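# Structural overview for review
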Amino acid sequence: MLISTKFPNTLLLASSLLITSIGLSVGAIVPTYLYHNCTNDTTYTPNSVYQINLRNLLSSLSSNASSESLNTSAGEGSSSPVYGSFLCRGDVNTTACRDCVTSAVKDVVKLCPVQKETMIWYDECQLRYSNRSFFGTVYERPRVSLYNTANVSTDIYRFNLLVGAIQMAAAEAARGRQGDKKFATKEFDVVGLNRLYTLVQCTPDLNASSCGRCFSDAIGRLPICCSGKLGGRVLFPSCNVRYEIYPFYNQNSTTPPPPPTPQPSLPPSFTSSSNGKTKTSSVVIVISVVVPVVVATFLLVICCYVHRMRARNNYNTIVTQDNANDLTNDVESLQFNFKSIETATSNFSDDNMLGKGGFGDVYKGVLLDGREIAVKRLSKSSGQGAAEFKNEVVLVAKLQHKNLARLLGFCLERDEKILVYEYVPNKSLDYFLFDPKKQSQLNWSIRCNIIEGIARGVLYLHEDSRLKVIHRDLKASNILLDRNMSPKVSDFGMARMFGQEQTQGNTIRIVGTYGYMAPEYAMEGLYSIKSDVYSFGILLLEILSGRKNSSFHIGDRTAGLVAYAWQLWNEKKVLDLMDPYLKDSCTPHEFMRYIQIALLCVQEDANLRPSMSSVVSTLKSEVPSLSQPERPAFISSGLHSDHELNPTDSLSVNIGMTVTEFLPR
C-alpha cells in the first residue's frame, strides 16, 4: 500500500522533470540563420546620429516582437532617419517570434557593423533596416535562393507542375484571408512521394496587387534555382516562397482547428473510490498512458531537433554556393544605364572598337567623369545568353586580384547585355605576341612578368579566392595588358565555380577554344583545375616561342606547338623554339627551365600536371631538379624528327573558334 501511494508521486515528478527538460530543449533551439546582406555603398560613422537612431530603432523592434510584424522608424525629424521592420513567419508562435527578432537584432549589428542598409533572414523571421523608407513598396533585391541537395526521383515534369501550383497559395495569401497576415500554406499529392508542402508570405504593408506581383516573381525563380530538387525556397525582402516534401511549418496554426471530438467516458477506475484496488488500477492506467506520451513527445522533439539541425546545415552550405550564381545587391549597385554607355562610346563607333571577342565586340569609352572604360557589348546572336552573362557579372564582381580584369559595371536594358571593365590601354597579349612588328617590345623580362602574373591570377582563381573558379578559356586574347605590361586575366563568361571540396566537374557541352582545351575535357567533358593548368601550359609555350599553338604544320601531318616542342625536347634542341627576339635577353638555361614547366603542364595525364601553386613557386625560384615531363596530349605516334616546321601554314579551319554552352550553369 505504501508503494502504491508513493509511486504516482514519483512518476509525476519524473514526468515533470522530463517534460521540463523537453521544454528547455525546445527553448534552447536558436533561430535558424539563413543569410544576410550588407550594402557596402552606404555606411555610417561610429557615434553618429544615424547610429543613435539605429540603436533606438533596434530597441523598438526587439521590444515589440510579441506581434507578427512591425514597420517603424527612428529619428524621422533628424538628418539621419532610420526605417526598419521585422516579419515573423505566419505559423510561429509569439515566443519563437520574439526569440528570432531578438537574435536578429544582436546578429545584424555584428554582421553589418557600419552599413546603413541591411537585410537578414532566419527560418522563423526576417529583419531589415535602411536610411530610406521602404514601406509599402515591393523590393526583390537583395535576394537569395536555396535548394535541397536531393533530387526528385519521380516524374520531374509533374513535380515541377506541382511546384508551379504554389500560385494557389500565393493568390490566397495576397488576398490576406488569414486576417492581416499575407501568409498561406498548401499541400499537394505527388505521385511517388507522400505530399508536397508549400508556404508563401509577403510583408503585410503591401497591397494585394503588389504582394501578388512579388509572389509571381519569386515563384518564377524556383524553376531556375530548384528544378528537380526535393525542396527549395526564394527569399526576397518583400516576400518569400518555399516548398518541401515534409511539413516544415506548424500545420495546426495554418489550418482551422478540427471540430472537438467527444471525450470518451472515463473508466470506472477513475471514478471516486477509496479502496486499494481502485488506487492500484489507477496507477497502472497512469503508467500506461503518461509514460508512452512522455516518451513519444521526447522522441518527437529529438527527431525534430536533429532534422532541423540537418536542414540548417544543408541550407547554409547551399546558400553560399547559390548566392554566387545570382545577381546580388552589390552587383546591382554597379548597373549603368544604356544611354551613358552609348554616349561614352560615341554610339559604339568603329573608331572606338578595341577588338572582337567570342561573344561580341569590345569598345573603348570615356565616361562623363573622365574615366576610361572598356565596354564588352555582347552580340544578340552570340552564344552567351543570360546565364553566361550573369555568370560573368557575378564572378568578376566577387573576384579581386591585381592580375584579374576589374569589372566596373554592367547594363541590362532593351535587348542589350553589356559589361563595363576598367580600360587596359595595351589591349591583349595576342596583339603583341603574334604581330612580327610588335613582338620585339616583349623582351625576356616583360615576358617573365606576364607569365608570372598570369600564373598568380589563375592561382587566385583556383585556391585563394572565396570561390574556387575554373576559367575554361585561358588564351592569349583573354590576357589584357595594362600600362606597365602587367597581365590581367579576363573573359569569365565560360568559367565554372566549385565548392571548396569539389575537385572536378563533367558536362556534355564543351566550351572554350580548340587548341587550348585539355584532352580529358575536349573528349570526355571532364574539367578541373588541371584543365586550366593545361591551357596555361599552351599559353606558356606561345609566350616563349612567339607563335600560335595552331600555326604549325609538320611535313604532311597536322600538328601543333605542343607536338613540335615535345619533338625538340626529345632531340635536345629546345633552344630552336626560342623566339628570335629573346636571344639577346634570355639565357639558355632559363628558357629550357620554362619550356620544361610548360611541358609538365600539358602532360596527357591530368594527375601528373602540377598545381598552379607549384607552378608559381617554380617560376619565381630556381628548383634544383624539375621532374621529367611525360608524353603530352594530342601527340601523333607517327611524328618523326625529319619533319620540317612551317609556321605559316594553318593547322585547322577551327583556329580560335569558341564553342559555347547554351545551358544555364
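Residues numbered from 1 in each chain as written. Predicted model: local features only at pLDDT ≥ 70, side-chain atom pairs only at ≥ 80, totals over all residues. Heavy atoms only, no water.

Attention now moves to the packing of aromatic side chains. Going through the model one piece at a time under the given rule, you end up with twelve aromatic pairs. Ring geometry for Phe248 and Tyr249: centres 5.0 Å apart, planes at 80°, overall edge-to-face. Taken as a pair, Phe248 and Tyr249 share a single burial class, namely buried. Over the ring of Tyr50 we find Lys116, and its NZ or CZ is 5.3 Å from the ring centre. (Phe/Tyr/Trp six-rings, centres within 6.5 Å; stacked < 30°, edge-to-face > 60°. Buried < 20%, exposed > 50% of the residue type's maximum accessible area, 1.4 Å probe, protein only. Lys NZ or Arg CZ within 6 Å of the ring centre and 35° of its normal.)

Let us look at the confidence of the model for the protein chain. Looking at the protein chain as a whole, the pLDDT averages 76, with 69% of positions reaching at least 70. Here residues 636-665 scores under 50 on pLDDT; set against residues more than four positions off or in separate chains, the count is 82 contacts. (pLDDT = per-residue confidence, 0-100. Contact = heavy atoms within 4.5 Å.)

A complete count under the given rule lists two cavities of 30 Å³ or more for this structure. Reported here for the largest cavity is a volume of approximately 170 Å³. Around the largest cavity, the lining is made up of 18 residues, and of these Arg89, Tyr122, Asp123, Leu235 and Asn240 lie nearest the centre. Of all the elements in the fold, those that place two or more residues in the lining of the largest cavity are β3 (82-88), β4 (115-122), β5 (125-130), β8 (195-202), β9 (232-235) and β10 (239-244). Sorting elements by how many residues they give to the lining of the largest cavity places β10 first, with three residues. (1 Å grid on protein atoms, 1.4 Å probe; cavity = no way out; pocket = protein on both sides within 12 Å on 5 of 7 lines; lining within 4 Å. Points joined across faces, edges and corners; volume = space filled by probe spheres on them. Helix = DSSP H or I, 4+ residues; strand = E, 2+ residues; numbered from the N terminus.)

Within the secondary structure layout, Val489 lies in strand β18 (residues 487-489). Accessibility expressed as a relative area gives 1% for Val489, which makes it buried. Along the primary structure Val489 and Ala476 are separated by 13 residues, whereas in three dimensions their C-alpha atoms are 9.4 Å apart. Ignoring anything within four residues of it in the chain, the contact list for Val489 reads Asn403, Leu404, Ala405, Ile454, His471, Leu474, Asn478 and Ile479.

A sheet is described by the order of its strands in space; here five strands give the open sequence β6-β9-β10-β8-β7, paired in antiparallel fashion. Edge strands, defined here as strands with exactly one partner in the open sheet, are β6 (144-147) and β7 (183-189). On average, each strand axis in the sheet is tilted by 10° relative to the strand beside it, whichever way the strands run. When β8 meets β10, the two strands line up antiparallel, connected through six bridges. (Pairing = 2+ DSSP bridges. Axes fitted to C-alpha atoms, helices over the stretch in contact; angles between N-to-C directions.)

The next point concerns the environment of Ser130. Within the fold, Ser130 resides in strand β5. With a relative accessible area of 3%, Ser130 lands in the buried category. With 13 residues separating them along the chain, Ser130 and Glu117 place their C-alpha atoms 4.3 Å apart. Aside from chain neighbours lying at most four places away, what touches Ser130 is Tyr50, Pro81, Val82, Tyr83, Lys116 and Glu117. A polar atom in the side chain of Ser130 sits 3.2 Å from the side chain of Glu117. Here Arg132 takes part through its backbone nitrogen, which lies 3.0 Å from a polar atom of the side chain of Ser130. (Polar contact = N/O pair within 3.5 Å; in protein donor to acceptor, adjacent residues only side chain to side chain.)

Before going further, it helps to examine the nonpolar core. Residues Leu429, Ile454, Phe536, Leu577, Phe591 and Ile595 are the most contacted members of the largest nonpolar core, which totals 79 residues. If one sorts the elements of this core by residue count, helix α13 (residues 444-464) sits on top with ten residues. The contact partners of Phe591, leaving out residues within four places of it in the chain, are Trp444, Leu544, Val574, Leu575, Leu577, Met578 and Cys586. Grouped together as the second largest cluster of nonpolar side chains are 31 residues, Val163, Ala170, Val200 and Phe236 included. (Core = buried A, V, L, I, M, F, W, Y, C linked by side-chain atoms within 4.5 Å.)

The next subject is the side chain of Lys376. Structurally, Lys376 is set in strand β13 (residues 372-378). With a relative accessible area of 8%, Lys376 lands in the buried category. Side chain to side chain, Lys376 and Asp491 meet in a polar contact 3.2 Å long.

It is worth spelling out the state of the cysteines at this point. Counting across every chain of the model gives five disulfides. Through a disulfide, Cys100 is tied to Cys125; the S-S separation comes to 2.0 Å. Judged by the sign of its S-S torsion, about -85°, the cystine formed by Cys100 and Cys125 is left-handed. On the criterion of sequence distance, the pair formed by Cys100 in helix α3 (residues 94-111) and Cys125 in strand β5 is long-range, its members being 25 residues apart. Judged by relative accessible area, Cys100 falls into the buried class, the value being 0%. Relative accessible area serves as the criterion here: at 4%, Cys125 is assigned to the buried category. In this model Cys214 forms its disulfide with Cys239; the gap between the sulfur atoms is 2.2 Å. As the torsion about the S-S bond is roughly -90°, the Cys214-Cys239 disulfide counts as left-handed. (Disulfide = S-S within 2.5 Å.)

Turning our attention to helix α15 (residues 529-545). If you check α15, its first and last C-alpha atoms are 25 Å apart, about what 17 residues at 1.5 Å a residue would give, namely 24 Å. Within α15, 16 of the 17 residues are buried, leaving the element largely enclosed by the surrounding structure. Just beyond α15, the residue with positive phi is Gly546, at close to 75°. (Expected span 1.5 Å × (residues − 1).)

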